[in-house]
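Coordinate inspection notes
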Amino acid sequence: MSSSGTVRIHYHRDFDGMVAAAVLATALRDTRGETPAWSSVNYDQRSNWESFSAHERFAIVDFHFHPRAEYWFDHHPTTFLTPELRAAYSPSERWQWDESSPSCPPLILAHAERHWSFATPERFREMAEWSNMIDAARYKSVDQAVFGDAPALRIARALTAAPSPGWTDELVGAMSTGDLDSVARRSDVDKSFQRAARNRDKALQQFPPCVEWRRDKVLVYDASSSNIRRERFAPFYHYPDTHYAVGVIPTRSGFHVMAGENPWNPPPVQVHIGTLMERFGGGGHKAVGGANPHDLQEARRVAMLIGEELRVALTTPQG
Ligand SMILES: [Mn+2]
């Protein structure tokens, strides 16, 4: 499988991970005489991380740090799987970690310009800007998040209905040579986008009956049925005056409780959702967090408790 000269770029299979791979492949080819190949990596591959990609030269972008990676770039705060791996990292001409970056591509571009004298093409600047918006969910409005029609948003939604696991490798190739518009116009991208848009419409339609209660701008829902399609921002699309949504959703092995602030109608109180979730064995950030109770009944109970706690926080006068 491995050939002596080729460095393989392993990238996280989402929009910013794909752009990161296209950017790194181009920068390595143009400035370092590399002839890179690429393939996506997913969270299942973290087991046996030590022997990951044991017999080849490789790079990793938008995914966990690996000490044998010849090139590595990431922005995730959770990138180091062990304290030993954290200790093995220090920034270098080939490695860079910046958890303050909203997505991975901008840090690779800045690095390639500074260390390798890479001349960033305009199309990569555009892709990096959209990566920041998509990865950090910084959409201007809930309408843009749900129905946004810009090429980057069409591509990102098309990924939710990918025809095969290897499809993203082909798109990374297209992103390395063409701009977002040309990628979004591909017939395979458009076909997946159309399918994804139908899924979205179904999910929006299915959401209101899942609402358990809405009080004082807090919404609690139960989307635990496997027959229900999910759209991340459906609660705020249907109920824009909501400050917090708390819901139960299925996972591969059980159920997940998630809670989040409405990015387009932020709450007037300072509740840290991650800290709140820690009491139920979960975690997260200030604005969004989750927990995995052991069964559905418990997940529903936790969702109700968290919803009620958020409701009390919103209705208690701040002192
Ligand atoms: Mn990513």
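Thresholds applied
- Residues numbered from 1 in each chain as written.
- Predicted model: local features only at pLDDT ≥ 70, side-chain atom pairs only at ≥ 80, totals over all residues.
- Helix = DSSP H or I, 4+ residues; strand = E, 2+ residues; numbered from the N terminus.
- Rg over C-alpha atoms; globule rule 2.2 N^0.38 Å.
- Buried ≥ 20, exposed ≤ 12 C-beta atoms within 10 Å, placed from the backbone.
- Contact = placed C-beta atoms within 7 Å.
- Core = buried A, V, L, I, M, F, W, Y, C linked by C-beta atoms within 7 Å.
- Expected span 1.5 Å × (residues − 1).
- Axes fitted to C-alpha atoms, helices over the stretch in contact; angles between N-to-C directions.
- Parallel < 35°, antiparallel > 145°, perpendicular 65-115°, else oblique.
- Left-handed = near helix turned anticlockwise from the far one by under 90°.

On to the overall build of the protein chain, then. The helix and strand inventory of the protein chain stands at twelve helices and eleven strands. At 21 Å, the protein chain has a C-alpha radius of gyration in line with the 20 Å of a compact globule built from 319 residues. Principal axes of the C-alpha set define a box for the protein chain whose edges measure 60 × 45 × 40 Å. Out of the 319 residues belonging to the protein chain, those deemed buried represent 40%. Taking all contacts inside the protein chain whose residues are at least 6 apart in sequence as the whole, residues at least 24 apart take part in 64%.

Ranked by internal contacts, the top residues of the largest apolar core, which has 52 residues, are Tyr-11, Ala-20, Ala-21, Leu-24, Ala-59, Val-61 and Ile-108. Counting residues per element, this core draws most heavily on helix H1 (residues 15-32), which supplies eleven residues. Non-local contacts of Ala-20, meaning those with residues more than four positions away in its chain, are made with Tyr-11, Val-61, Asp-62, Phe-73, Cys-104, Pro-105 and Ile-108.

Right, let's talk about helix H3 (residues 105-116) for a bit. The first and last C-alpha atoms of H3 sit 15 Å apart over twelve residues, in line with the 16 Å expected at 1.5 Å per residue. At its buried positions, H3 is contacted by H1, strand E3 (57-61), strand E4 (71-74), strand E5 (95-97) and helix H4 (122-135). In the segment just after H3, Ser-117 is the residue with positive phi, at about 55 degrees.

This next bit is on the packing of H1 against H3. H3 packs onto H1 with a crossing angle of 10 degrees between their chain directions and a minimal axis gap of 9 Å. When the axes of H1 and H3 are compared, the pair comes out roughly parallel. Taken as a pair, H1 and H3 cross one another with a handedness that is right-handed. Judged by residue contacts, Asp-16, Val-19, Ala-20, Val-23, Leu-24, Ala-27, Thr-31 and Arg-32 of H1 engage Pro-105, Ile-108, Leu-109, Ala-112 and Trp-116 from H3.

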